[in-house]
Amino acid sequence: MMHKNLAGLNLSTFTRCAPEQLQTQSVIAVLLALGSNYQAEHYLPRVREALAALGEIQLSTAFQNPDFTSTKAQPKPDYTNQCVHISLTSPMTLQQLQQTFKQFECDCNRQRLTEAQTPIKKVTMDIDILLIQTAFNENSLSKKKLSNWIIMADRYPFKAHERTGIEELILKGSLKG
């Protein structure tokens, strides 16, 4: 069961920051968007296993979505997308997380070709950080722990499949038991 700290989240109240401003922040949890338009059935389980080594994970449903840049003149393969919440076993800086996720993409044979090199990109694995949780503060009046979730400004507003995945994870986090 995922940490209950996602339960009842209201994304509109979250602080939004550019990742460049948060590089040295100590992160205790992260919410990711995964995407693959090439051999997703092979690469998604592989990256989920690598992510699980970082801490306790909770997964949204994997959705198949059309590439939003696809046109009738230039069709592109569908993406399989999934959101992942990770409560990290050990805090990491945002910079360390970004480097770790880039390595996971490389381990999945991710090729970063420019649009000029190929009109249709085969993306084995794309890992995007949507939200980070930096620390806990204790409210002295209620003795409740308040989480500091921050939205990555470069990822907001979220795409429909990201929002759906986030909402599903919030719902799962609010379940008892």
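Residues numbered from 1 in each chain as written. Predicted model: local features only at pLDDT ≥ 70, side-chain atom pairs only at ≥ 80, totals over all residues. Heavy atoms only, no water.

Chemist: So what's going on with the nonpolar core? Residues and values would help.
Modeler: Within the largest apolar cluster, 27 residues are counted, with the highest numbers of intra-cluster contacts made by Leu51, Phe101, Ile129 and Ile132. For this core, the secondary-structure elements that each account for two or more residues are strand 2 (26–36), helix 1 (40–52), strand 5 (79–93), helix 2 (94–107), strand 6 (126–138) and strand 7 (145–152). Here this core gets five residues from one element, more than from any other, and that element is helix 1. Non-local contacts of phenylalanine 101, meaning those with residues more than four positions away in its chain, are made with Val30, Leu32, Leu51, Leu54, Ile127 and Ile129. Residues Ala33, Ile151, Phe158 and Ile170 belong to the second largest nonpolar core, which totals 14 residues. (Core = buried A, V, L, I, M, F, W, Y, C linked by side-chain atoms within 4.5 Å. Buried < 20%, exposed > 50% of the residue type's maximum accessible area, 1.4 Å probe, protein only. Helix = DSSP H or I, 4+ residues; strand = E, 2+ residues; numbered from the N terminus. Contact = heavy atoms within 4.5 Å.)

Chemist: Lay out the packing of aromatic side chains in plain terms, naming residues and giving numbers.
Modeler: This model, assessed by the stated rule, comprises two aromatic pairs. Ring geometry for phenylalanine 101 versus phenylalanine 104: centroids 6.3 Å apart, planes at 50 degrees, classification tilted. With phenylalanine 101 and phenylalanine 104 both in helix 2 and three residues apart, the pair spans about one turn of that helix. A relative accessible area of 13% means that phenylalanine 104 is categorised as buried. (Phe/Tyr/Trp six-rings, centres within 6.5 Å; stacked < 30°, edge-to-face > 60°.)

Chemist: Before we move on, can you summarise helix 1 with the specific residues and values?
Modeler: Its 13 residues place the ends of helix 1 18 Å apart at the C-alpha level, agreeing with the 18 Å of an ideal helix rising 1.5 Å per residue. Listing the buried residues of helix 1 in full gives Ala40, Tyr43, Leu44, Val47 and Leu51. Seen from one end, helix 1 has its buried residues packed into an arc of 100 degrees, which puts them on one side. What points out from helix 1, more than 90 degrees from its buried face, is the exposed set Glu41 and Glu49. (Expected span 1.5 Å × (residues − 1). Arc of directions from axis to C-beta.)

Chemist: An account of the pattern of salt bridges is needed here, citing residue identities and associated values.
Modeler: For the coordinates displayed, the defined rule picks out six salt bridges. For glutamate 105, the salt bridge is made with arginine 110, and the minimal N-O distance between the two is 3.8 Å. For the pair glutamate 105 and arginine 110, one class covers both residues: buried. In this structure, the salt-bridge partner of arginine 163 is glutamate 167, at a minimum N-O distance of 3.0 Å. Placement of both arginine 163 and glutamate 167 in helix 3 (residues 160–174) is noted, with a separation of four residues, approximately one turn of the helix. Residue classification places glutamate 167 among the partly exposed residues on the basis of a relative accessible area of 41%. Among the ionic contacts, a cluster of salt bridges with common partners joins Glu105, Arg110 and Asp126. (Salt bridge = Lys/Arg side-chain N within 4 Å of Asp/Glu carboxyl O.)

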